[in-house]
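Survey of secondary and tertiary structure
This is what each chain is made of:
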Amino acid sequence: MSSGGWCTIESDPGVFSELIGAMGARSVHLTELYSLEPSAMPKEHIHGLVFLFKWDQNHADTAKGQQEPGVFFAQQIVPNACATQAILSILLNAPQVDLGEELTAFKAFTKDFPPELKGLAISNSEMMRKAHNSFARPEPFVVNERRATQEDDVFHFISYLPINGKLYELDGLKKGPVCLGEVGPSNWLEPGAPIIQRRIETYSKAEIRFNLMAVTADRRERLLAERAAAEKERNMTIGKVQSRTAQIPSQEELDRRAATTPAPPPMGEVSVDERSVEELINALAHATARSAQLQQMIAMEDQRVEQWKVENARRRHNYVPFIVNFLRILAERNVLLPLVEEAKKKRPMR
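Report on the accompanying structure. Quick caveat, the model's predicted, so the values are computed rather than measured.

1. Focus on unusual backbone geometry
Positive phi, normally seen in glycine, also occurs at serine 27, with a value near 60 degrees. Topologically, serine 27 is positioned in the loop between helix 1 (13–22) and strand 1 (28–33). Residue serine 27 is classed as partly exposed on the basis of its relative accessible area, which comes to 32%. The backbone of asparagine 80 sits at a positive phi, close to 70 degrees, despite the residue not being glycine.

Listed below in structure tokens is the structure:
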């Protein structure tokens with residue numbers, strides 16, 4: 001990668017989630033999708049989808065796109081920036097996202113720019129380039145850059161998202177957004193999924209190397225809100241049980257009741273005062289179990305984010321000095337050449 005250039009980065013939820021945080025946006029994560037079926041969708045609010053595919057200059061798609069009022073669209077000016085541009089296409093068009101100070105200022109500054117100037121502004125943003133290039137893989141040797149040829153595998157990122165009740169495909173290599181139809185103000189994926197599926201199929205014919213990710217709200221926020229509601233219901237139920245001079249069962253008894261009794265209706269559907277002590281204790285058992293389950297899910301989500309950090313640190317680490325030193329030690333001990341000869345013997349015959 002030359003000075004001032006943009007590196008290629010891996011299509012991975014942990015990479016993109018950390019990239020978003022590095023640009024200042026908060027409470028946004030990515031989740032890999034294996035299907036557009038409703039059952040495969042995350043429960044969190046989905047801001048948009050990012051699709052990675054093998055780009056072919058001769059692919060069948062003829063939609064060129066055109067400028068649309070109220071849509072942030074930037075043409076891709078520099079090579080390798082499509083990953084960050086696909087993310088920005090969603091973040092800067094999603095009113096629910098907390099962009100942070102720098103992205104908010106960037107959106108306001110470029111609001112009236114034409115697409116090519118928006119793309120130029122992205123390529124000239126030191127903050128965005130630095131965040132993007134923080135995932136550059138350490139290279140042991142300096143290699144002169146060259147343009148990709150038809151023999152190279154070139155991959156490209158594009159975005160799908162709803163804006164003002166319409167479904168758009170945003171591809172920085174086109175002249176403007178491609179409107180794919182009406183989807184309504186909410187639950188946009190239900191009518192939009194078949195349209196997106198057809199679009200994906202036009203790009204991925206006879207090709208299995210593609211990737212689809214959802215840009216969502218941070219799952220931990222939903223889980224924390226649900227746990228707070230479960231704890232509130234649990235505390236209210238304890239108060240009602242104690243007000244009727246009934247004893248709070250042991251944890252073992254609550255666990256048994258949660259496993260053997262049906263869950264009662266939510267507090268809002270049946271007045272607490274209408275429930276018997278037995279029903280209140282059953283409700284307490286289920287609220288306690290639900291709170292514990294949510295706490296476990298929050299811990300798992302925290303662990304997943306920590307694992308992202310570990311994996312990203314490994315992506316950035318330069319292992320070349322270790323490998324060179326290890327080979328030198330093997331050579332000094334006169335075991336390197338025997339190992340090489342043994343490896344040659346195991347090499348399959350062609």
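2. A closer look at the pattern of salt bridges
Across all of its chains, the model carries 21 salt bridges by this definition. Put simply, arginine 220 and aspartate 218 hold a salt bridge, and the shortest N to O gap is 3.0 Å. On the accessibility criterion, aspartate 218 (8% relative accessible area) is buried. Between arginine 257 and glutamate 278 there is a salt bridge whose closest N-O contact spans 2.9 Å. Of this pair, arginine 257 sits in helix 8 (residues 251–260) while glutamate 278 sits in helix 9 (residues 277–316), placing them 21 residues apart in sequence. Taking the relative accessible area as the measure of exposure, glutamate 278 reaches 45% and is therefore partly exposed. Among the ionic contacts, a cluster of salt bridges with common partners joins Glu44, Arg219, Arg222, Glu226, Arg290, Glu301 and Arg304.

3. Concerning the nonpolar core
Judged by nonpolar contacts, the single largest core of 44 residues is most densely connected at Phe16, Met23, Ile87, Leu91, Leu103 and Met128. Broken down by element, this core gets its largest block of residues, seven residues, from helix 2 (residues 82–91). When neighbours within four sequence positions are excluded, isoleucine 87 is seen to be in contact with Phe16, Ile20, Met23, Leu30, Val50 and Val215. In terms of nonpolar packing, the next biggest core, distinct from the first, is built from 22 residues, Val183, Ala193, Ile195 and Leu212 among them.

4. Re the packing of helix 1 against helix 2
In contact at an axis separation of 11 Å, helix 1 and helix 2 are set at 65 degrees when each is read in the N-to-C sense. Helix 1 and helix 2 meet at a crossing whose hand is right-handed. Facing helix 1, whose interface residues are Phe16, Leu19 and Ile20, helix 2 presents Ala83, Thr84, Ile87 and Leu91. Considering only residue class, the contact of helix 1 with helix 2 consists of six nonpolar, one polar and no charged.

Parameters at a glance
Residues numbered from 1 in each chain as written. Predicted model: local features only at pLDDT ≥ 70, side-chain atom pairs only at ≥ 80, totals over all residues. Heavy atoms only, no water. Helix = DSSP H or I, 4+ residues; strand = E, 2+ residues; numbered from the N terminus. Buried < 20%, exposed > 50% of the residue type's maximum accessible area, 1.4 Å probe, protein only. Salt bridge = Lys/Arg side-chain N within 4 Å of Asp/Glu carboxyl O. Core = buried A, V, L, I, M, F, W, Y, C linked by side-chain atoms within 4.5 Å. Contact = heavy atoms within 4.5 Å. Axes fitted to C-alpha atoms, helices over the stretch in contact; angles between N-to-C directions. Left-handed = near helix turned anticlockwise from the far one by under 90°. Nonpolar A, V, L, I, M, F, W, Y, C, P; charged D, E, K, R; others polar.

By themselves these figures say nothing about function.
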